[in-house]
Amino acid sequence: MADALKAFWWIAAMWIRSAFAYRTSFLMLAVGQFVVTSLDFVVIFIMFSHVKSLGGFVLPEVAFLYSTSGVAIGLADLVLGNAERVGQRIRSGEFDVILIRPVPAFVQTAADNFGIHRLGRITQATAVFVWSLVALDIDWTWDRILLVPLMLICGAVIFGAIFVLGGAFQFAAGDAAEVMNAFTYGGNVLTQYPPTIYARKLVLAATFAIPLGFVNWLPAMHVLGRPDALGLPEAFQFASPVAAVVISSLAALAWRAGVRSYRSTGS
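Description of the structure in this document. On a predicted model such as this, the values are computed, not experimentally measured, just so you know.

### Considering the packing of helix 3 (residues 59-80) against helix 7 (residues 119-135)
- With their axes 8 Å apart at the nearest point, helix 3 and helix 7 run at an angle of 150 degrees to one another. Here helix 7 runs roughly antiparallel to helix 3, going by the angle between their axes. In the packing of helix 3 onto helix 7, the handedness of the crossing is left-handed.
- Across the contact of helix 3 with helix 7, the residue classes break down as 17 nonpolar, 7 polar and 1 charged.

### Quick look at the pattern of salt bridges
- In total, this model carries 4 salt bridges according to the counting rule given.
- With a shortest N-O distance of 2.2 Å, R89 and D112 are connected by a salt bridge. A residue pair is termed long-range when its members are at least 10 positions apart, and R89 in helix 4 (residues 86-92) and D112 in the loop between helix 6 (105-111) and helix 7 qualify at 23 residues.
- By relative accessible area, D112 is classed as partly exposed at 22%.
- Put simply, R89, E94 and D112 are held in one network by salt bridges that share partners.

### Considerations on helix 2 (residues 23-48)
- For helix 2, spanning 26 residues, the distance from its first C-alpha to its last is 37 Å, which sits close to the expected 38 Å at 1.5 Å a residue.
- The largest bend along helix 2 measures about 25 degrees and falls at D40.
- Three or more residues of helix 2 are buried, namely F26, A30, T37, S38, F41, I44 and F48.
- For helix 2, the elements touching its buried residues are helix 1 (2-20), helix 3 and helix 7.

About the thresholds
- Residues numbered from 1 in each chain as written.
- Predicted model: local features only at pLDDT ≥ 70, side-chain atom pairs only at ≥ 80, totals over all residues.
- Heavy atoms only, no water.
- Axes fitted to C-alpha atoms, helices over the stretch in contact; angles between N-to-C directions.
- Helix = DSSP H or I, 4+ residues; strand = E, 2+ residues; numbered from the N terminus.
- Parallel < 35°, antiparallel > 145°, perpendicular 65-115°, else oblique.
- Left-handed = near helix turned anticlockwise from the far one by under 90°.
- Nonpolar A, V, L, I, M, F, W, Y, C, P; charged D, E, K, R; others polar.
- Salt bridge = Lys/Arg side-chain N within 4 Å of Asp/Glu carboxyl O.
- Buried < 20%, exposed > 50% of the residue type's maximum accessible area, 1.4 Å probe, protein only.
- Expected span 1.5 Å × (residues − 1).
- Bend = angle between axes of the 7 residues up to and from the residue.
- Contact = heavy atoms within 4.5 Å.

Next up, the structure:
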């Protein structure tokens, strides 16, 4: 594990140095990500200029959901986002080169073309997160204080595992990155809004079929002092680490199975 982390850092550092060699380009990409992701929150802000609440949630509460989901997927995309792009290498046969190098294929896939400019998304979501905490009137008990960083970390792990599952799926489907975007970036959009605006069946599927509900919906309900939309036992609001471990284990098994099934392009 230590060797894998060291290899990831060295590969990522190489791409970071490459990005900083063209600082104007890096700044433009980072600012571009900041601006583009800000537009999503501008839409929410405009929406609240016409309504007082959305699904019973006021603007600071929706901002809390929006930002926690944004920080989580931003961190996952920064570290593991390239895993979903492995389909391009599989289709072209470039994955052969990855397999013959003395570094784990997963590490190379995740760290290759490491995009430090993605910090723009994380910065934007963090700014909204800080504003929401200031605007909200939360009774900060010790469990709420601990739950906030825990939900961000577990949310990032869950989104990261979904990225890896998407990459593993492409060993069988070829290049299906756009299909998997429905579960990664689509899941981000889904969890930006209160679960109370969705049909119960959709919330059930987003909680137990794909554990997006554990990214922020369930833990956020405890932080905000609200009952969850499904009426689940309170223990589920603290179950994000369990969901993260389960889906990460499934992702690891799927990735290993995908690599073992790889047969190159035959060319």
